[in-house]
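# Working through the structure, step by step
This is what each chain is made of:
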Amino acid sequence: MPGLMRGMARTAAVVGTATATRNAVNRRQADKNAQAYAQATQTAYAEVAPPPQELVYVEAPAAPAPEEDVITQLERLGALKAQGIITEEEFAAQKAKLLGM
């Protein structure tokens, strides 16, 4: 039985490492795709749309209450961490920044 437990632990470690690696590769590929899309969009827009002739100033809406905004941002960070999009270290750093630590 102890050999089985070691085998299961080894399998869990391999699966965890593979999952972390896959998430990192997927995140890098998503970043590359986003950059390529942004560049293609800018190029297409530059070729099709004429430059704007007149600037229109619009008053920005009132900012939400700062505390509510921090809570919303922390919830979003938690969701990103839960999805594996950001690491625990990235989450902790952003959390500390938001909380002024």
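Residues numbered from 1 in each chain as written. Predicted model: local features only at pLDDT ≥ 70, side-chain atom pairs only at ≥ 80, totals over all residues. Heavy atoms only, no water.

### Things to note about the overall build of the protein chain
The helix and strand tally for the protein chain stands at 3 helices and 0 strands. Counted from the first residue to the last, the protein chain has its helices and strands arranged as α-α-α. For the protein chain, the residues scored as buried account for 4% of the 101 residues in total. Carbon and sulfur atoms form 62% of the exposed surface of the protein chain, whose accessible area is close to 8,800 Å². (Helix = DSSP H or I, 4+ residues; strand = E, 2+ residues; numbered from the N terminus. Buried < 20%, exposed > 50% of the residue type's maximum accessible area, 1.4 Å probe, protein only. Areas by Shrake-Rupley, 256 points an atom, 1.4 Å probe, with all protein chains shown as cover.)

### Some thoughts on the pattern of salt bridges
A complete count under the given rule lists 1 salt bridge for this structure. For Lys 81, the salt bridge is made with Glu 88, and the minimal N-O distance between the two is 3.2 Å. (Salt bridge = Lys/Arg side-chain N within 4 Å of Asp/Glu carboxyl O.)

### As for the packing of aromatic side chains
The final tally for this structure, using the stated rule, is 0 aromatic pairs. Above the face of the Phe 91 ring, Lys 81 is positioned so that its terminal group lies 4.7 Å from the ring centre. (Phe/Tyr/Trp six-rings, centres within 6.5 Å; stacked < 30°, edge-to-face > 60°. Lys NZ or Arg CZ within 6 Å of the ring centre and 35° of its normal.)

### Observations concerning the confidence of the model for the protein chain
Detailed reading of the predicted model is not advised wherever pLDDT is low. Of the residues in the protein chain, 67% have a pLDDT of 70 or more, and the chain-wide mean is 76. Mean pLDDT across the secondary structure elements of the protein chain bottoms out at helix H1 (residues 2-48), with 70, and peaks at helix H3 (residues 88-99), with 90. (pLDDT = per-residue confidence, 0-100.)

### Observations concerning H3
A rise of 1.5 Å per residue sets the reference length of H3, with its 12 residues, at 16 Å; its end C-alpha atoms lie 16 Å apart and thus fit the reference within 8%. Gly 100 sits one or two positions beyond H3 and adopts a positive phi of about 70 degrees. (Expected span 1.5 Å × (residues − 1).)

### Observations regarding the environment of Lys 81
Among the secondary structure elements, Lys 81 is positioned in helix H2 (residues 66-82). Residue classification places Lys 81 among the partly exposed positions, given a relative accessible area of 31%. The spacing of Lys 81 and Ala 92 is 11 residues in sequence and 9.9 Å in space, taken between C-alpha atoms. Excluding residues that lie within four positions of it along the chain, Lys 81 makes contacts with Ile 86, Glu 88 and Phe 91. (Contact = heavy atoms within 4.5 Å.)

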